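Next come the chains, spelled out residue by residue.
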Amino acid sequence: MSASDDNRTSLDPREALRWASHQLETSGIDSHARDGRILLRHVLDCTEEQLAGGNVAPLLPAQVAALRGLIKRRRQGEPIAYIVGKKEFMALEFAVDRRVLIPRPETELLVEKALDLFACDGEDDRVPQESPRLNEVSRPLIADIGTGSGAIAVSIAKYLPHAIVYATDIASEALAVARKNAAAHGVAERLVLLQGSYLQALPQAVHMVVCNPPYIPQGEIPGLDRDVREFEPRIALTGGSDGLDAYRRLFAELPASLLPGGIGLFEIGFDMAAPLRKLAARRLPGAHCEVFQDLAGFDRILQVSQVAPTGRSE
Ligand SMILES: C[S@@+](CC[C@H](N)C(=O)[O-])C[C@H]1O[C@@H](n2cnc3c(N)ncnc32)[C@H](O)[C@@H]1O
């Protein structure tokens, strides 16, 4: 596709696809073929089936110009999810932009663990489970701390239709995105958005605290992929010098924020299980810690139970 092609009457989608993929490949983008298809589908507003089946009309000049613009953004390193403005998580579509972290597939494990503990398999069906306490709660109160796009909170509210979910974030701009997603998925009435630092914004103690906090050590930020380093909100990434700052706060605030028998579920870095067990032993004496691995076999979730409640000070 040459510079003058924008003025042609139309462009064959297969030619557009070849051009898009080539442009991305020459910028060193490994996923060039996949990204090219996603961006073309976005411009054409069509499904993968329609594109693969050759079932789409040629691109109009305005669509060619739009595709050029999107390819340029991707070549500059902007993540695909921000360019198309959406990301799938827990089989739900979430609006995302640069105000929020792009939800990661591994974070689905956090939601699945939460749903399991309330005996829900993610499809609204009840399934038998061994730990009886939480699944006997008729109105679960769940808090998602550092909600970002609301991916965790909205998924839990969607798949646990009897739950009330508090979703907090320190960033008001992130809460605006979460609000949009809660409305889009019809859970806004059961999802309470609160601005504040970690557990401080909660109006009451809850049965479960879930949190995917910022946990990247400050010194590792320069080595992150450009997509992440230059585009995702720094406040969503940095966990202080050792990556554990957020957990220090969360563990300190947890006893006053959990109802008796309540559980904390935290996403963790692959190498954080040992230091976090130690931290929990100091800050949450008597609590029981369990670590779960993701599909790649990395430690990913820390579950904290038997936390001695201290009651709330208000
Ligand atoms: C790793 S992101 C997680 C976003 C989302 N929950 C997800 O999993 O996709 C961390 C989030 O914590 C928020 N955050 C950072 N510091 C915070 C604080 N002190 N209190 C509450 N939220 C905070 C950030 O704004 C960001 O939205």
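Residues numbered from 1 in each chain as written. Predicted model: local features only at pLDDT ≥ 70, side-chain atom pairs only at ≥ 80, totals over all residues. Heavy atoms only, no water.

Peer 1: Give a description of the packing of aromatic side chains that names residues and reports values.
Peer 2: With the rule as written, the count across this model stands at four aromatic pairs. Taking 6.0 Å as the distance between ring centres and 65 degrees as the angle between the ring planes, the aromatic pair formed by Phe-270 and Phe-298 counts as edge-to-face. Here Phe-298 lies in the loop between β8 (288–293) and β9 (299–305) and Phe-270 lies in the loop between β7 (258–267) and α12 (273–283), a separation of 28 residues in the sequence. For Phe-270, a relative accessible area of 52% gives the class exposed. Linked through ring pairs, Tyr-247, Phe-251 and Phe-266 together constitute an aromatic cluster. Between the NZ or CZ atom of Lys-113 and the centre of the ring of Phe-292, over which it lies, the distance is 3.8 Å. (Phe/Tyr/Trp six-rings, centres within 6.5 Å; stacked < 30°, edge-to-face > 60°. Helix = DSSP H or I, 4+ residues; strand = E, 2+ residues; numbered from the N terminus. Buried < 20%, exposed > 50% of the residue type's maximum accessible area, 1.4 Å probe, protein only. Lys NZ or Arg CZ within 6 Å of the ring centre and 35° of its normal.)

Peer 1: Tell me about the layout of surface pockets, residues and numbers included.
Peer 2: Counted as a void, the second largest pocket has a volume near 750 Å³. Considering the residues around the second largest pocket, the lining is formed by 27 residues, among which Arg-34, Ile-80, Ala-81, Lys-86 and Lys-87 are closest to the centre. Elements supplying a minimum of two residues to the lining of the second largest pocket: α2 (32–44), α5 (80–84), β1 (86–89), β2 (92–95) and α10 (226–231). Sort the elements by how many residues they give to the lining of the second largest pocket and α2 lands first, with five residues. Of the residues in the lining of the second largest pocket, the class split is 11 nonpolar, three polar and 13 charged. Here the lining of the second largest pocket spans two domains, since at least three of its residues come from each of domain 1 (3–76) and domain 2 (99–305). (1 Å grid on protein atoms, 1.4 Å probe; cavity = no way out; pocket = protein on both sides within 12 Å on 5 of 7 lines; lining within 4 Å. Points joined across faces, edges and corners; volume = space filled by probe spheres on them. Nonpolar A, V, L, I, M, F, W, Y, C, P; charged D, E, K, R; others polar. Domains from an automatic or database assignment.)

Peer 1: Could you give me a rundown of the pattern of salt bridges, with the residues and numbers involved?
Peer 2: Overall, the coordinates contain 15 salt bridges when judged by the stated rule. Between Arg-37 and Glu-48 there is a salt bridge, with its nearest N and O atoms 2.8 Å apart. With a gap of 11 residues between them, Arg-37 in helix α2 and Glu-48 in helix α3 (residues 48–52) connect regions that are remote in the sequence. Arg-37 sits in the partly exposed class, given a relative accessible area of 25%. (Salt bridge = Lys/Arg side-chain N within 4 Å of Asp/Glu carboxyl O.)

Peer 1: Can you break down the nonpolar core residue by residue, with the values?
Peer 2: Residues Ile-156, Leu-191, Met-208 and Leu-265 are the most contacted members of the largest nonpolar core, which totals 37 residues. Only β2, α6 (108–117), α8 (151–159), β4 (164–169), α9 (172–184), β5 (191–195), β6 (206–211) and β7 provide two or more residues apiece to this core. Here this core takes seven residues from α8, the largest share from any one element. In this view, Ile-156 contacts Val-111, Ala-114, Leu-115, Ile-142, Val-165 and Val-210; residues no more than four positions away in its chain are not counted. (Core = buried A, V, L, I, M, F, W, Y, C linked by side-chain atoms within 4.5 Å. Contact = heavy atoms within 4.5 Å.)

Shape is all these values report; function is a separate question.
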